[in-house]
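Single-letter residue listing:
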Amino acid sequence: MTPPDRGRRAVGPSRRAVLLGGLVLVTGCAGPDAPRTSAGISRSATDTATVSLLRHGESIASVAGILSTAVPGQGLTEAGHAQAGRAASGLVGRGFDLIVSSPLARARETADAFATATGLPVTVLDGLAEVTAGEFEGLPVSAVAEDFLAVEGRWLQGELDARIPGGESGTEFLARMDAALAAVVAAGSNALVVSHGEAIRCWIALRVPDAAEVQLAPTGLVVLRSQESGWRLVESVAAGF
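Only a predicted model underlies this, so the values are computations on that prediction, with no experimental measurement involved. (Residues numbered from 1 in each chain as written. Predicted model: local features only at pLDDT ≥ 70, side-chain atom pairs only at ≥ 80, totals over all residues. Heavy atoms only, no water.)

1. Side note on the pattern of salt bridges
Worth spelling out the cut-off: Basic side-chain nitrogens of Lys or Arg form a salt bridge, by our definition, when they fall within 4 Å of a carboxyl oxygen of Asp or Glu. In this scheme, a residue with accessible area under 20% of its type's maximum is buried, one over 50% is exposed, and one in between is partly exposed, where area comes from a 1.4 Å probe on protein chains only. Put simply, DSSP H or I for four residues or longer makes a helix, DSSP E for two residues or longer makes a strand, and each gets a number counted from the N terminus.
Applying the stated criterion to the full structure yields 5 salt bridges. For Glu168, the salt bridge is made with Arg176, and the minimal N-O distance between the two is 2.8 Å. On the accessibility criterion, Arg176 (18% relative accessible area) is buried. For Asp178, the salt bridge is made with Arg207, and the minimal N-O distance between the two is 2.7 Å. On the criterion of sequence distance, the pair formed by Asp178 in helix H5 (residues 170-187) and Arg207 in helix H6 (residues 197-207) is long-range, its members being 29 residues apart. For Asp178, a relative accessible area of 10% corresponds to the buried category.

2. Some words on the packing of H5 against H6
Quick reminder of the rule: Inter-axis angles, ranging from 0 to 180 degrees, are taken between N-to-C directions of lines fitted to C-alpha atoms, where helices are fitted over the stretch in contact. An angle below 35 degrees is read as roughly parallel, one above 145 as roughly antiparallel, one from 65 to 115 as roughly perpendicular, and any other as oblique. Contacts were defined at the residue level, with two residues in contact if any of their heavy atoms lie within 4.5 Å. Classification used: nonpolar for Ala, Val, Leu, Ile, Met, Phe, Trp, Tyr, Cys and Pro, charged for Asp, Glu, Lys and Arg, polar for all others including Gly.
Contact geometry of H5 with H6 gives a least axis separation of 11 Å together with a crossing angle of 90°. Compared by their axis directions, H5 and H6 come out roughly perpendicular. Touching Phe173, Leu174, Met177, Asp178 and Leu181 of H5 are Ala199, Cys202, Trp203, Leu206 and Arg207, all from H6. Here the contact of H5 with H6 is built from residues that sort into 8 nonpolar, no polar and 2 charged.

3. Digging into helix H3 (residues 105-118)
Note the threshold: A helix is expected to span 1.5 Å for every residue after the first.
Here H3 contains 14 residues, and its C-alpha end-to-end distance of 20 Å stays within 8% of the 20 Å for a straight helix at 1.5 Å per residue. Among the residues of H3, those classed as buried are Ala105, Arg106, Ala107, Thr110, Ala111, Ala113, Phe114 and Ala115.

4. Concerning the packing of aromatic side chains
Which entries qualify depends on this criterion: Any pair of Phe, Tyr and Trp rings, taking the six-membered ring for Trp, is counted once the centres come within 6.5 Å. Such a pair is stacked with planes under 30 degrees apart, edge-to-face with planes over 60 apart, and tilted for the rest.
Evaluation of the coordinates by the stated rule reveals 4 aromatic pairs. On the basis of an interplanar angle of 15° and a centroid distance of 5.6 Å, the ring pair of Trp155 and Phe173 is categorised as stacked. Here Trp155 is found in helix H4 (residues 141-156), whereas its partner Phe173 is found in helix H5, with 18 residues between them in sequence. Of the two residues, Trp155 and Phe173, both sit in the buried class.

Take a look at the structure:
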């Protein structure tokens, strides 16, 4: 499946997608009964808080076709470093006041490009890590995609107690992502947050009301606005840089 055109949101009926490139695409979008609430925003947040969620650049693990979610994981490919540099150059003018990263090497290396471009330090939050692969860690994507995606699909239908074998449940995933993003909003008014394709997609599907399905290529970007009433999606650059 080809990612959506640059700047367009992926819109359409719920559907099954192929797991490719280290979890670029996932199964379907949130069903009609899934809980699309707006938890995770600090009550002290104001309407001016903006969070730009960026997927890391192309990783060694994604090119190898394996699931890699344990810290530190493998870093970026040469192409991934180039993507990170282009993203940082293209977005530096947005005036970020905070750079935050998942603890995984591929995200931290992507965030480093923004640190170089902005002069800001990188803050690492464990809660921004990729959806944990559990017993599927290190295995070929082609061998485990169906089972992995089945659990995520259940999350998006509201079955948050479903658990990836040896990994986390939907409830646990949301709790850590909610806490991390609440900390981001409390610390900065215009934050760049480097995370992962599945973590971003699943969290948005469950936490951002009325958002269309988000499928991000490496360095794909979604921009959110936090408000006391919840999160709002204001921009999507799905194809990356």
